[in-house]
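Topology and contacts: notes
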Amino acid sequence: MNALKQAELVAEVWPGAALRSARRLTGGVSAQVYALEVAHSSGALAQVVVREHSSVESHYTAELEFLLLKALHSLDLPVPQPILFDARCTLAATPFVIMAAIPGSSVIPTGEAFEYIDEMARQLFSIHQAPIQNLPTLPSRLDPLPEVFEYLPTAAEWGGLKARLRALTDTGFKGAPCLLHGDYWAQNLLWEQGRITGVLDWEDAAIGDPLSDVAGASVELRYLFGREGMQRFIAAYSALSSVDPTRLALWQVYVAAAAQHFMSTWQLAPADEAHRRRHALASLHDAEACLGN
């Protein structure tokens, strides 16, 4: 979305308003995201975010994003308040959603990691407690098998793990399905004074097994804070809800294997990618050990 289109968008959405500034936000690969400052005719300034969807077809449309954020905002979850969505592609190359900006930073201060990790666990548990009856239709995420076999490394050392997984039967989730964020990690959270002000990027939201979220967050935290950070998060979540270690290990295999499979598409710096691959493989080894007990 170029500057001219941004100005046109502001004028159309808010008659009499003007675009004061615009900047591209970084971090995501599935959408182009811009922060706009809008000057209304009254003189009031507003900070909004425009999320322009990828041209690649996906179940996660601009309309679905808008409806999901609207439902979650009504539940008092810390999500951006949606303003509108537009699928006409007249002011942008692809459909987009406009939402209110949320103040905060995604940076976790040095020396305060464990306190922030504990708060992450509390917020995720709160998401999992949200009523799902009035949410828009979301995909199901109930079983880490058999899709995991598409992602596991092909090296011979993983033959034992594959054989163990193939021997499992009936691995679908048997509990009450809940709302899942699907990509719960530090860069999708905003903080102010140690409290989460925003949970962003719901494009992988689903209904299903809460341990899929716990596994995803724990592996991501391992990239940042090592195995100790991973274990801290699991312990903090376990204090709020029962965690089956075997089922968690199954989801950790899924998450770590998928990370290995897709990481080359994440546009990471070479050193960062190498670091993440090492920790993803370590997570796979740890999960395999748990499944072997």
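Located above this text is the structure these notes cover.
Residues numbered from 1 in each chain as written. Predicted model: local features only at pLDDT ≥ 70, side-chain atom pairs only at ≥ 80, totals over all residues. Heavy atoms only, no water.

1. Observations regarding the overall build of the protein chain
Here is the rule we go by: Secondary structure elements are defined from DSSP: runs of H or I of at least 4 residues count as helices, runs of E of at least 2 residues count as strands, and each element is numbered from the N terminus. All radius of gyration figures rest on C-alpha atoms, and the globule criterion is 2.2 Å times the number of residues raised to 0.38. Relative accessibility under 20% of the residue-type maximum defines a buried residue, over 50% an exposed one, and the middle range a partly exposed one, all with a 1.4 Å probe and only protein chains included. When checking whether two residues touch, look at their non-hydrogen atoms; a contact exists if any pair is within 4.5 Å. Using a 1.4 Å probe, the Shrake-Rupley method yields the accessible areas, and only the shown protein chains count as cover for residues. Note that His is not counted, nor are the chain ends; the positive residues are Lys and Arg, and the negative ones are Asp and Glu. Taken as the charge location is NZ of Lys, CZ of Arg, CG of Asp or CD of Glu.
Each helix and strand counted, the protein chain has seven helices and ten strands in total. Since a compact globule built from 293 residues should have a radius of gyration of about 19 Å, the 20 Å found for the protein chain is in line with a globular shape. With the C-alpha coordinates aligned to their principal axes, the bounding extent of the protein chain is approximately 65 × 40 × 35 Å. In the protein chain, buried positions account for 46% of the 293 residues. For the protein chain, restricting intrachain contacts to residue pairs at least 6 apart in sequence, the fraction spanning at least 24 positions comes to 67%. Working note: accessible area of the protein chain is about 14200 Å², and carbon and sulfur atoms make up 52% of it. Each charge class in the protein chain was averaged separately, 21 positive and 32 negative side chains, and the resulting centres sit 3 Å apart.

2. A word on the pattern of salt bridges
Threshold: We define a salt bridge as a side-chain nitrogen of Lys or Arg found within 4 Å of a carboxyl oxygen belonging to Asp or Glu.
Scanning the entire structure with this criterion turns up 16 salt bridges. One salt bridge in this structure joins Asp201 and Arg51, with 3.1 Å as the shortest N-O distance. With Asp201 in the loop between strand 9 (195-199) and strand 10 (206-208) and Arg51 in strand 3 (residues 45-53), this pair connects stretches of sequence that are 150 residues apart. Assessed through its relative accessible area of 29%, Asp201 is described here as partly exposed. Assessed through its relative accessible area of 6%, Arg51 is described here as buried. Through salt bridges with shared partners, a single network forms among Arg51, Glu65, Asp201 and Glu203.

3. Notes on the packing of helix 5 (residues 210-238) against helix 7 (residues 270-292)
Spelled out, the test is: Between N-to-C directions, angles span 0 to 180 degrees; the directions come from axes that are lines fitted to C-alpha atoms, helices contributing only their stretch in contact. Orientation labels follow simple angle bins: below 35 degrees gives roughly parallel, above 145 gives roughly antiparallel, 65 to 115 gives roughly perpendicular, and whatever is left gives oblique. Crossing handedness is read from the near helix: turned anticlockwise from the far helix by less than a right angle, it gives a left-handed crossing, and turned clockwise, a right-handed one.
Where helix 5 meets helix 7, the axes come as close as 9 Å, and the angle between the chain directions of the two elements is 55 degrees. Classed by the angle they form, the pair helix 5 and helix 7 counts as oblique. Helix 5 and helix 7 meet at a crossing whose hand is left-handed. Along its contact with helix 5, which presents Val219, Glu220, Arg222, Tyr223, Gly226, Arg227 and Met230, the element helix 7 presents His275, Arg276, His279, Ala280, Ala282, Ser283 and Asp286.

4. Structural notes on the environment of Asp183
Looking at the element boundaries, Asp183 is found in the loop between strand 7 (178-180) and strand 8 (189-192). The class of Asp183 is partly exposed, set by a relative accessible area of 26%. Taking the C-alpha atoms as reference points, Asp183 and Asp201, separated by 18 residues in sequence, lie 7.7 Å from one another. Beyond its immediate sequence surroundings of up to four residues, Asp183 is in contact with Asn188 and Asp204.

5. Topic: the environment of Thr265
We count it as follows: Any pair of nitrogen or oxygen atoms within 3.5 Å is treated as a polar contact; in protein, a donor-acceptor pairing is required on top of that, and neighbouring residues in sequence qualify only through side-chain atoms on both sides.
Positionally, Thr265 belongs in the loop between helix 6 (245-262) and helix 7. Sequence spacing of Thr265 and Glu228 is 37 residues, and the spatial spacing of their C-alpha atoms is 27 Å. There is a polar contact of 2.7 Å between the side chain of Thr265 and the backbone oxygen of Phe262.

6. A few points about helix 3 (residues 113-128)
Note the cut-off: Residue count minus one, scaled by 1.5 Å, sets the expected span of a helix.
Taking 1.5 Å of rise per residue, 16 residues should cover 22 Å, and helix 3 covers 23 Å from first to last C-alpha, within 8% of that figure. Within helix 3, twelve of the 16 residues are buried, leaving the element largely enclosed by the surrounding structure. Those residues of helix 3 that fall on the buried side of the exposure criterion are Ala113, Tyr116, Ile117, Asp118, Glu119, Met120, Ala121, Gln123, Leu124, Phe125, Ile127 and His128. In the core, the buried residues of helix 3 are packed alongside strand 7, strand 8, strand 9 and helix 5.

7. Concerning the sheet that holds strand 6 (residues 140-141)
For the record, the criterion: We treat two strands as partners when DSSP finds at least two bridges between them.
An order of 6-10-7 is seen for the three strands of this open sheet, with the pairing classed as mixed. Taken across any chain shown, the strands that pair with only one partner, and hence form the sheet edges, are strand 6 and strand 7. Here three bridges tie strand 7 to strand 10, and the two strands are oriented antiparallel to one another. Residue Cys178 lies in a different strand from strand 10, and its bridge partner there is Gly208.

8. A look at the nonpolar core
Here is the rule we go by: Only buried Ala, Val, Leu, Ile, Met, Phe, Trp, Tyr and Cys residues count toward a nonpolar core, and they belong to the same one when joined by side-chain atoms within 4.5 Å.
Ranked by size, the top nonpolar core spans 71 residues in total, and within it Leu165, Leu179, Tyr184, Trp202, Phe233 and Val253 carry the most contacts. Per-element accounting of this core gives the leading share, twelve residues, to helix 5. Beyond its immediate stretch of four places on either side in the chain, Trp202 contacts Tyr60, Leu68, Leu69, Leu72, Val79, Ile127, Leu179, Leu180 and His181. Counting residues in hydrophobic clusters, the runner-up holds 13 residues, among them Leu9, Val10, Val38 and Phe96.

9. Notes on the environment of Ala11
For Ala11, the position within the fold is in helix 1 (residues 3-13). For Ala11, a relative accessible area of 40% puts it in the partly exposed group. In this structure the C-alpha to C-alpha distance between Ala11 and Pro153, which are 142 residues apart in sequence, comes to 51 Å.

10. A look at the packing of aromatic side chains
Rules: Stacked, tilted and edge-to-face are the three classes assigned to paired rings of Phe, Tyr and Trp, where Trp is represented by its six-membered ring and a pair needs centres within 6.5 Å; plane angles under 30 degrees give stacked, over 60 edge-to-face, the rest tilted.
If you walk through the whole model with that rule in mind, you get six aromatic pairs. With a centroid separation of 5.8 Å and 75 degrees between ring planes, the pair formed by Tyr151 and Tyr254 is classed as edge-to-face. You can see Tyr151 sitting in the loop between strand 6 and helix 4 (159-166) and its partner Tyr254 sitting in helix 6, a full 103 residues away along the chain. Pair check on accessibility: Tyr151 and Tyr254 agree, each one buried. One aromatic cluster is present, formed by Tyr151, Trp251, Tyr254 and Phe262 through successive ring pairs.

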